[in-house]
Amino acid sequence: MHRRRNGSSPEAGFSLIEVLVALVILAVGLLSLALLQTTVIKGNAIASKSTVATQVAQDKLEWFRNQPWAGITSSNAGTISDNATAAAVYATLPANPGGDSVLVGGATFYRVWAVTPNAANTLRTVTVWACWADEKAVWHNVMLSTDLANL
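1. What to know about the sheet that holds strand E1 (residues 100-104)
Strands sit in the order E1-E2-E3-E4 across an open sheet of four strands; the sheet is antiparallel. Edge strands, defined here as strands with exactly one partner in the open sheet, are E1 and strand E4 (139-149). Here the average twist between neighbouring strands, direction ignored, is 25°. With five bridges connecting them, E1 and strand E2 (residues 107-117) associate as antiparallel partners. Looking at the pairing, Ser101 lines up with Tyr110 of E2. Seen against the sheet, helix H1 (residues 16-65) touches E1, E2, strand E3 (123-133) and E4 and runs at an angle of roughly 150° to E3.

Structure below.
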């Protein structure tokens, strides 16, 4: 029979301290994964709404392509800061969107657009914004732009 120096039996297992350290490491790893999962879910929600907003803006651009030349005009001027910098003003949304709104999957997307003609009025640049507010009331937008010619 073989004995260790300290008198314990040769069938020694894990000590309580080793088990507790392993459990703490496992708990920290699992908590990190849980936090990562919530971050990924929020990122997917924003990406999903961004995709829908791109489709909503593209639909409006397609609508403009099928309009007569005289029907290609800007939305309410109060929702556009100026046509030179072409920036949507969110302070007037949603109370006075000026453009139109689209309800998709329980979320409301507001569309505003600016039409800028060239000097000879033979070409118009149409810029469309699809805007939405997230659950924290932070505005996000997608902007698409195209040029339309008077053929």
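2. Some points on the environment of Val138
Structurally, the position occupied by Val138 is in the loop between E3 and E4. Setting aside residues up to four positions removed in sequence, Val138 forms contacts with Trp132 and Ala133.

3. Concerning H1
The end-to-end C-alpha separation of H1 is 73 Å, in line with the 74 Å expected for 50 residues at 1.5 Å each. Against E1, E2, E3 and E4 lie the buried residues of H1.

4. A few points about the environment of Asn141
For Asn141, the position within the fold is in strand E4. Distance in space between the C-alpha atoms of Asn141 and Lys49 is 9.6 Å, their sequence separation being 92 residues.

5. With respect to the packing of aromatic side chains
The full count for this structure, using the stated rule, is four aromatic pairs. With a centroid separation of 5.8 Å and 75° between ring planes, the pair formed by Phe64 and Trp113 is classed as edge-to-face. Taken together, the positions of Phe64 in helix H1 and Trp113 in strand E2 put the pair 49 residues apart, joining distant regions of the chain. Using a relative accessible area of 1% as the deciding quantity, one classes Phe64 as buried. A network of ring pairs unites the aromatic residues Trp63, Phe64 and Trp113 as a single cluster. Stacked on the ring of Trp63, the Lys or Arg Lys60 has its end atom at 4.0 Å from the ring centre. Between the NZ or CZ atom of Lys60 and the centre of the ring of Trp113, over which it lies, the distance is 4.2 Å.

6. Focus on the nonpolar core
Of all hydrophobic cores here, the largest spans 19 residues; its most connected members are Ala53, Phe64, Ile72, Phe109, Val126, Val128 and Leu148. With six residues, the single largest contributor to this core is H1. When neighbours within four sequence positions are excluded, Leu148 is seen to be in contact with Phe64, Arg65, Trp69, Ile72, Thr122, Leu123, Arg124 and Val126.

7. Comments concerning the environment of Ala70
Take Ala70: it is sitting in the loop between H1 and E1. A residue is classified by how much of its surface remains accessible, and Ala70, at 70% relative accessible area, is exposed. With 80 residues separating them in the primary sequence, Ala70 and Asn150 have C-alpha atoms 9.8 Å apart.

What counts and how
- Residues numbered from 1 in each chain as written.
- Predicted model: local features only at pLDDT ≥ 70, side-chain atom pairs only at ≥ 80, totals over all residues.
- Heavy atoms only, no water.
- Pairing = 2+ DSSP bridges.
- Helix = DSSP H or I, 4+ residues; strand = E, 2+ residues; numbered from the N terminus.
- Axes fitted to C-alpha atoms, helices over the stretch in contact; angles between N-to-C directions.
- Contact = heavy atoms within 4.5 Å.
- Expected span 1.5 Å × (residues − 1).
- Phe/Tyr/Trp six-rings, centres within 6.5 Å; stacked < 30°, edge-to-face > 60°.
- Buried < 20%, exposed > 50% of the residue type's maximum accessible area, 1.4 Å probe, protein only.
- Lys NZ or Arg CZ within 6 Å of the ring centre and 35° of its normal.
- Core = buried A, V, L, I, M, F, W, Y, C linked by side-chain atoms within 4.5 Å.

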